[in-house]
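Chain by chain, the residues:
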Amino acid sequence: MNAALLATLLAATPASPGGVHDLEVDPGASSLRFAITHRLHHVEGRSTGVRGRAVIAHDGKVQAMVRVPVSSFDSGDGNRDSNMQAALEVERFPFVTVKAAGSLPPDAAGGPRPLTVPLVLAAEVDLHGVKVAREVPVQVTFEAGGAVHATGEFEVSLDAHRVERPSLFFVKIEDGCRIAFDLVLREARP
Amino acid sequence: MRLPSSLLLAALAALATPAPVHAGLLVEPLRPPLPADCPDPAPADLAPDPARVLVALASDPPAGDEEEKEKKAKPAPGDLDFDLLGAAETQEGPDPALMKRRRQMLTVHQGVGIALYSLQAATVVLGQLNYRDKFSTHMNTEKWRIPHKSFAYATTAAMVLNGALALAAPTPVKKPFRLDRVGVHKIAMFTAAAGIATEVGLGLYTHSREGYMDQQHLAKVHLAIGYATFAAMTVGVAALVL
């Protein structure tokens, strides 16, 4: 009788304790890409020097923060990267930082795996020392092994961040800079 | 006289025990001490209003509310006033003055480069017209000689200036050489620079061979190197544009 009661209680307990998830970005498995457009070129670059952390509270509230060194972006052209660093005044503002917050649907964090959840996070992009608030759509996949995979993209205005846009042959690059992220997060080690 | 010990104990207990505060003490009107000859005035009501006391007491949080207060001080989920990563490691960045100078010099380099490419194109066209006038039509009017020579010197001057700008531009961000767009641009422009240097010497020598049998042959080589130089320059420009 007691054993049956214990079994019932255990069955009623969720698989995940529903506590706080403290997740860290796996830099080796994650990347952040940017794309800019000039009348003559479309340029893409990426950084694998992403540092980040996300906290999922028991009620599904999410807080995330990602930081990328400007000097880690590589567009495949050393000279262009150097010019990009000059335009972003890397010596004064060495990092691009994004903070985001939002809510997961109920039971998403402790639900079955794998599970993909679309989210729209309220975010703040700190680029060139200027913080701009915006919404960031994110596709979050809770993998069976415990890892969390977050992908998405958004556009930032270089003018809004007061970046003096670089030019080639006296034609400036376009204002919109597309940023795409592909982040793999794992439970932080204590 | 000896007091019974039980009575002594009772007296000590009475002294040690604080007198209970009468609940109605504050409600009693307080009277200021007055001299004995003073007529008894109307009693001044200095007692606090019990309702106000209640309000004042209600505004003071009980000890248990401190925890609640701390919770409210933390940013609510959804608020972006948080820092999950802590202070960033400080990185020694490149010298901003050098970065600015590099940008200025390379902007001028682009302008001079456009002029250089145009001058080289014009020099090649004028060189072709000069060759045709001298060796194809045999009219030998020399009407293209001075324009070709002028443009050739202007091209050389532009090449020297632009090469100096590129080489003298500081590189505060050190990077290994890669065969990327700028790598191709550099190789092509060094080739073009060598071509221009050769053209100056060969052009002067060809002109000095006036009346000799080999002048046409030298002029032909000079023309071919001119086209090759223009082609190298086109590759250099295309590497940046395409």
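Residues numbered from 1 in each chain as written. Chains lettered and ligands numbered in written order. Predicted model: local features only at pLDDT ≥ 70, side-chain atom pairs only at ≥ 80, totals over all residues.

Quick notes on the overall build of chain A
Of regular secondary structure, chain A possesses two helices and twelve strands. Here chain A holds 190 residues, and the buried ones make up 35% of them. For chain A, long-range pairs separated by at least 24 residues make up 60% of all intrachain contacts whose partners lie at least 6 apart in sequence. (Helix = DSSP H or I, 4+ residues; strand = E, 2+ residues; numbered from the N terminus. Buried ≥ 20, exposed ≤ 12 C-beta atoms within 10 Å, placed from the backbone. Contact = placed C-beta atoms within 7 Å.)

Thoughts on the confidence of the model for chain A
Per-residue confidence for chain A averages 86 on the pLDDT scale, and 89% of its residues sit at or above 70. Low pLDDT, under 50, characterises residues 1–18 of chain A; the predicted model gives this stretch six contacts beyond four residues in sequence or across chains. (pLDDT = per-residue confidence, 0-100.)

Some thoughts on the environment of R162 of chain A
All names here are of chain A. By the element assignment, R162 lies in the loop between β9 (148–157) and β10 (167–168). The exposure class assigned to R162 is exposed, which follows from the 12 C-beta atoms found within 10 Å. Remark: the alpha-carbon pair of R162 and V130, spanning 32 residues in sequence, is separated by 7.3 Å. If near-sequence neighbours (up to four positions away) are discounted, R162 is found in contact with H128 and V130.

What about helix α6 (residues 181–208) of chain B?
Residue and element names in this part refer to chain B. Taking 1.5 Å per residue, 28 residues should reach 40 Å; α6 reaches 40 Å between its end C-alpha atoms and fits that length. When we look at burial in α6, the residues that qualify are R181, H185, A188, M189, A192, G195, I196, E199, G203 and T206. Considering only its buried residues, α6 is in contact with α5 (145–168) and α7 (215–241). (Expected span 1.5 Å × (residues − 1).)

Describing the packing of helix α4 (residues 96–136) of chain B against α7 of chain B
Residue and element names in this part refer to chain B. At their nearest, the axes of α4 and α7 sit 10 Å apart, and the two run at 160° to each other. Judged by the inter-axis angle, α4 sits roughly antiparallel to α7. Here the hand of the crossing between α4 and α7 comes out left-handed. Residue-level contacts link Y117, Q120, A121, T123, V124, G127, Q128, Y131 and F135 of α4 to Q216, A219, L223, G226, Y227, T229, F230, M233 and V237 of α7. Counted by class, the contact of α4 with α7 contains eleven nonpolar, seven polar and no charged residues. (Axes fitted to C-alpha atoms, helices over the stretch in contact; angles between N-to-C directions. Parallel < 35°, antiparallel > 145°, perpendicular 65-115°, else oblique. Left-handed = near helix turned anticlockwise from the far one by under 90°. Nonpolar A, V, L, I, M, F, W, Y, C, P; charged D, E, K, R; others polar.)

Brief notes about the nonpolar core
Ranked by internal contacts, the top residues of the largest apolar core, which has 43 residues, are V66, A100, L183 and L185 of chain A. If near-sequence neighbours (up to four positions away) are discounted, L185 of chain A is found in contact with L23, E24, V25, D26, A54, A147, V148 and A150 of chain A. (Core = buried A, V, L, I, M, F, W, Y, C linked by C-beta atoms within 7 Å.)

Structural notes on the environment of L158 of chain A
Residue and element names in this part refer to chain A. Positionally, L158 belongs in the loop between β9 and β10. For the pair formed by L158 and C177, sequence separation is 19 residues and the distance between their alpha carbons is 6.8 Å. Aside from chain neighbours lying at most four places away, what touches L158 is V163, R165, D175 and C177.

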